[in-house]
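# Understanding the architecture of this molecule
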Amino acid sequence: MFIENKSYYYIEEFEKYGITAVYTKKIAGNMSDYCPIENQEEGIQKKNREKLLEDLNLTDKQEVMAFQTHSNNVKTIDEDTTKYYYEKEEDIDGFLTKRKDIAIFTFYADCLPIFVYDKENQVIGVWHSGWPGTFKEIMKSGLLEMKKNYGTKIENVIMALGIGIGQKDYEVGNEFYDKFMEKFGKSDGKIVEESFWFNEETKKYHFDNTKFNELMALKFGIKKENLIIANESTFNEKFHSYRRDGKNAGRATAMISFK
């Protein structure tokens, strides 16, 4: 369950495994260096991240982050890794690690964070899945990366989805629906149908990115009891939202770290 705190939501189920997994509210400030807001204090994003780590008693952690590009690429941070920021050209949208000294930061203003924990191998991760990442199947890429690098068994994965934009706030064009149906229709047509709602008044579709990822997670073999779903929408004023605020939107962080 996502539990609300003053400046962030934390995932209750991760806590009992000694893991801090949070999604920040607007009150926590803009978190992304590459998405500055007009007239903001220079360098405030770094200060906001440092304040978050201080509030979470994680000031000894090494920050890891990337200039996200809506790719399906997930990077493993292992014992030999000495690079902790990945530029736009490197096309990274998520991370995995076993390292206890790492705090993974990913950034959002409506897109969906996917938090993961492999209970058997003690691997944590978080992946950025807006509709392009969902369409490119970043969840599948991330799970394959876990299996390849750590021998992860899907039944041992705890996964949390959220917080992202809600379906009622996410109107899309007909071509958007057609794009998903063209790619997933033959194998996952039911998943597509259950993730879209057609508004008879506006004649427009609405996409439920969280539902689509929930159904795909179950298809891949994530146990229902190991799947945690947020019920908030980033269109709410307490969150950063690009759809609501456009270029004036800051970015939340979805952060995960061992305590």
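These notes cover the structure that comes with them. What you are looking at is a predicted structure, and each value in this text was computed from that prediction instead of being measured.

So, on to helix α4 (residues 138-150). Counted at 1.5 Å a residue, the expected span for α4 with its 13 residues is 18 Å, and the 18 Å between its end C-alpha atoms agrees. Every buried residue of α4 is listed here: Ile138, Met139, Gly142, Leu143, Glu145, Met146 and Tyr150. End-on, the buried residues of α4 take up no more than an arc of 155 degrees, which puts them together on one face. Exposed residues on α4 whose side chains face more than 90 degrees from its buried face are Leu144, Lys147 and Lys148. Of the residues one or two after α4, Gly151 is the one with positive phi, at around 70 degrees.

Turning next to the nonpolar core. With 31 residues, the main nonpolar core has Phe2, Ile11, Phe14, Phe95, Phe115 and Ile256 as its most contacted residues. The biggest single contributor to this core is strand β16 (residues 252-258), with four residues. Every residue in contact with Phe2, bar those within four places of it in the chain, is listed here: Tyr9, Tyr10, Ile11, Phe115, Ala160, Leu161, Gly162, Ile163, Ile228, Ile229 and Ala230. Among the nonpolar cores identified, the runner-up in size contains 18 residues, and Ile114, Met139, Met159 and Ile222 belong to it.

So, on to the sheet that holds strand β7 (residues 94-97). The strand order β5-β7-β10-β9-β11-β15 describes an open sheet built from six strands, whose pairing is mixed. Both edges of this open sheet fall to β5 (74-77) and β15 (227-229), since each of them pairs with a single strand only. Taken over all neighbouring pairs, the strand axes of this sheet differ in orientation by 15 degrees on average, direction set aside. Along the sheet, α4 makes contact with β5, β7, β9 (112-118), β10 (123-129) and β11 (157-161), crossing β10 at roughly 160 degrees. Here helix α6 (residues 209-220) sits on the sheet in contact with β9, β10, β11 and β15, set at roughly 175 degrees to β15.

Calculation notes
Residues numbered from 1 in each chain as written. Predicted model: local features only at pLDDT ≥ 70, side-chain atom pairs only at ≥ 80, totals over all residues. Heavy atoms only, no water. Helix = DSSP H or I, 4+ residues; strand = E, 2+ residues; numbered from the N terminus. Expected span 1.5 Å × (residues − 1). Buried < 20%, exposed > 50% of the residue type's maximum accessible area, 1.4 Å probe, protein only. Arc of directions from axis to C-beta. Core = buried A, V, L, I, M, F, W, Y, C linked by side-chain atoms within 4.5 Å. Contact = heavy atoms within 4.5 Å. Pairing = 2+ DSSP bridges. Axes fitted to C-alpha atoms, helices over the stretch in contact; angles between N-to-C directions.

Any functional reading would require information that these geometric values do not contain.
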